[in-house]
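These are the residues of each chain, in order.
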Protein chains: 2
Amino acid sequence: MTDDGVGTGRSAPATLHDVAREANVSLATASRSLNGSTRRVNEEYRKRVLEAAARLDYSPNLSAQAVARGTTTTVALLVADIADPYFSSIAAGVVAEADTDRLIVTMAATERDPERELELVRTLRGQRPRVMILAGSRPATDPTEGALAEELRAYERSGGRVVLISRNELGLRTLLVDDRGGAEALARELVAIGYRRFAVITGAEGLRTAADRVDGFRDGLAATGGTLDDDVIRDAFTRDGGYSGMRALLERGLHGVELVFAANDVMAVGALSAIREAGLVPGTDVAVAGFDDIPTVRDVTPALTTVHVPLEELGRRALRLALGDGEAADEGAVQTEVVLRESTPRITR
Amino acid sequence: MTDDGVGTGRSAPATLHDVAREANVSLATASRSLNGSTRRVNEEYRKRVLEAAARLDYSPNLSAQAVARGTTTTVALLVADIADPYFSSIAAGVVAEADTDRLIVTMAATERDPERELELVRTLRGQRPRVMILAGSRPATDPTEGALAEELRAYERSGGRVVLISRNELGLRTLLVDDRGGAEALARELVAIGYRRFAVITGAEGLRTAADRVDGFRDGLAATGGTLDDDVIRDAFTRDGGYSGMRALLERGLHGVELVFAANDVMAVGALSAIREAGLVPGTDVAVAGFDDIPTVRDVTPALTTVHVPLEELGRRALRLALGDGEAADEGAVQTEVVLRESTPRITR
DNA sequence: CTGTTAGCGCTTTCAG
DNA sequence: CTGAAAGCGCTAACAG
């Protein structure tokens, strides 16, 4: 069969060359009509090209454009776990913002494995993305930390821009979230409504986000007279980690703890279930607070007190920051806001 | 400054050419050492090339490879809404599976807008992805339906593979989910534990997934003696849609309805909140069941009865199917499974 | 405004 | 086994 791109058989996609021939113009004219910057092409020719393109079902080869132009329209996004609402909300923001700039997002998941993260960065770099956004903190004491930073720097040196969301890697652009301040404010408000004895469930030691939140919470208590003692349980920074962390806490006895602060909402939700399973009533027998304000926490019972983080906005701002939007850079840390709900009823003593 | 790729200044990324020069071998040898199929390169040379590459921090330009090879390592994924747990779970599966094949995933969100979807498919096609996966049903009666199908077919004709998850587009590969059978089984089980009077909250008319579920549910009731009457409320296929749909239902009066079946879990969760807000106790005053078994439904109260869909597995299988894994193709519709939880307690009458 | 042509970075014949 | 050279699809000078 002839390779005219119309038959039912399988054929290579039409190239710009094909379009030019079909329209009886030069390659350059075809290129200019289809993609060229300012329209400095005869309307007549232009029309012919557009029609030919439509007829052949032409779709510009982005890879070829990238090679020729020396620049891509790609944004790379690296998250720990796509199914986690924290990350999927951020991803939604990145994708939405990218879309307004007609950028394409490629996404990968580290599964919280630093080695994997490093390898993914290496692969993704091959795409020559304009921007690379990494979300999700890694252990502070990770052995591959240096290698990652080096890789990222090499990428920046070659013209890329990286933005880290809420984590620190020496010398790289970071979109800061006021985790610490938010946790501190939360602690204060909780003390203000009557709580005094607290326990904390958090992620592995060294996770920056988790650590900041716990530190902030501690500060807030210290300033207002709440006590945390040494009630800090560490477990996976996931729903199941929250669940098993809470179980651990219950097993060793609450000993007067009135409120459990989980360093993120998914953990808090897991904790809620553990409490309920133990035959206690969350909010009544023991209060729970989380952090992030992921969508579902309004719908659990009792609705969860938490610290609101504008997750989707985080994704949007990260991209804007990476693209060099000065404004975004100047705004400082993203502000968080305490949201008191039923999981922490006011108590009178 | 010299452009040696080592200084602190900004410099273009090292090319294969640079590596070849640095290693004192030809371009071809460098290429073969770094990426070439079977190692038919002198070990000595090979080593030199690898070292040079490391020294220059070389990262192969994927776009250039794509142009030269005429094929990419890209998978395109289109979903309605990334932040929706249904889609983010599927996406997690696609990304995980892609990773094992060293494929890169690019992701876009249609925001449930058919026009947008069409445009995205057009853009994504420019990437020449090996595979395109579309999840999330579109209205059956959409005017752009034909254009989409045509676009997709053109893509397939040019060598791409498309897989639709749980939706029908004339003549395209589809990963079927047994929505209908699952809903029917659910209906039967609900009748078996005592329910008789039902209402349904579902998405917009014409959404295939939603329609199948409602039809299946109806069939199940018909076979066992439950009644649905005309209690079918339509609203957005989202959490908020479930919430407002439930409110609508409550406002016009339950009139003896014992159980509300929401066509997906996010709607069911919204419904739960609406019920509670109305001062009723879900599960006790009115039972609720959903569909999908997204992670959070174990953690709401009461835990939600639903039909389990292996969401992440769906993503994995979609990709395998697209990549032409025969096995995946032969397995038929993905099976679903009823999961009875506390939101639908057994009732005796 | 239009066409010719030299690349972009990489792969892959095709000779040595 | 190695290297020279011809592309891959597209863009961007550069001449007309």
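Everything numeric here is computed off the predicted structure, so don't read it as measured data.

About the cut-offs
Residues numbered from 1 in each chain as written. Chains lettered and ligands numbered in written order. Predicted model: local features only at pLDDT ≥ 70, side-chain atom pairs only at ≥ 80, totals over all residues. Heavy atoms only, no water. Helix = DSSP H or I, 4+ residues; strand = E, 2+ residues; numbered from the N terminus. Rg over C-alpha atoms; globule rule 2.2 N^0.38 Å. Buried < 20%, exposed > 50% of the residue type's maximum accessible area, 1.4 Å probe, protein only. Contact = heavy atoms within 4.5 Å. Areas by Shrake-Rupley, 256 points an atom, 1.4 Å probe, with all protein chains shown as cover. Lys, Arg positive; Asp, Glu negative; His and termini not counted. Charge placed at Lys NZ, Arg CZ, Asp CG, Glu CD. Near = heavy atom within 4 Å. Polar contact = N/O pair within 3.5 Å; in protein donor to acceptor, adjacent residues only side chain to side chain. Nonpolar A, V, L, I, M, F, W, Y, C, P; charged D, E, K, R; others polar. Buried area = accessible area lost by both parts, 1.4 Å probe. Salt bridge = Lys/Arg side-chain N within 4 Å of Asp/Glu carboxyl O. Pairing = 2+ DSSP bridges.

Observations concerning the overall build of chain A
The number of helices and strands found in chain A is 13 helices and 11 strands. Computed over the C-alpha atoms, the radius of gyration of chain A is 26 Å, more than 25% above the 20 Å expected from 2.2 N^0.38 for a compact globule of 349 residues. Expressed as lengths along the three principal axes of its C-alpha atoms, the size of chain A is roughly 85 × 40 × 35 Å. Relative to its 349 residues, chain A shows a buried fraction of 54%. Taking all contacts inside chain A whose residues are at least 6 apart in sequence as the whole, residues at least 24 apart take part in 73%. In the structure as shown, chain A presents an accessible area of about 14,200 Å², 49% of it carried by carbon and sulfur atoms. Of the side-chain charges in chain A, 42 are positive and 53 negative, and the distance between the mean point of each set is 5 Å.

A look at the protein's contact with DNA strand D
Surveying the vicinity of DNA strand D reveals 25 residues, the closest of which are Leu 16, Tyr 58 and Gln 65 of chain A together with Arg 32 and Asn 42 of chain B. Sugar plus phosphate: this is where 70% of the atoms of DNA strand D within 4 Å of the protein reside. At 2.6 Å from a phosphate oxygen of DNA strand D is found a side-chain nitrogen or oxygen belonging to Gln 65 of chain A. The set of elements that each furnish at least two residues to the surface near DNA strand D consists of helix H2 (27-34) and helix H4 (62-69) of chain A together with helix H2 (27-34) and helix H4 (62-69) of chain B. It is H4 of chain A that provides the largest number of residues to the surface near DNA strand D, a total of five residues. Among the residues making up the surface near DNA strand D, the classes are represented as 13 nonpolar, eight polar and four charged.

Some remarks on the interface of chain B and chain A
Each partner contributes residues to the interface: chain B has 61 residues there, and chain A has 61 residues. When chain B packs against chain A, close to 4,600 Å² is buried across both sides, 49% of that on carbon and sulfur atoms. Counting the surface chain B buries against chain A, the share from its top three residues, Arg 128, Arg 157 and Asp 299 of chain B, is 15%. Linking chain B with chain A are eight salt bridges, by the criterion used here. Among the salt bridges present, the one from Arg 125 of chain A reaches Asp 57 of chain B, with a minimum N-O distance of 2.8 Å. In this structure, the connection of chain B to chain A is made through 22 residue pairs in polar contact (both at pLDDT 80 or more). A class-by-class count of the residues in the side of chain B that touches chain A yields 24 nonpolar, 20 polar and 17 charged. Across three bridges, strand S2 (residues 104-109) of chain A lies against strand S2 (residues 104-109) of chain B in antiparallel orientation. Looking across to S2 of chain B, one finds that Val 105 of chain A is bridged to Met 107 of chain B.

Function cannot be read off these values alone, since they describe shape.
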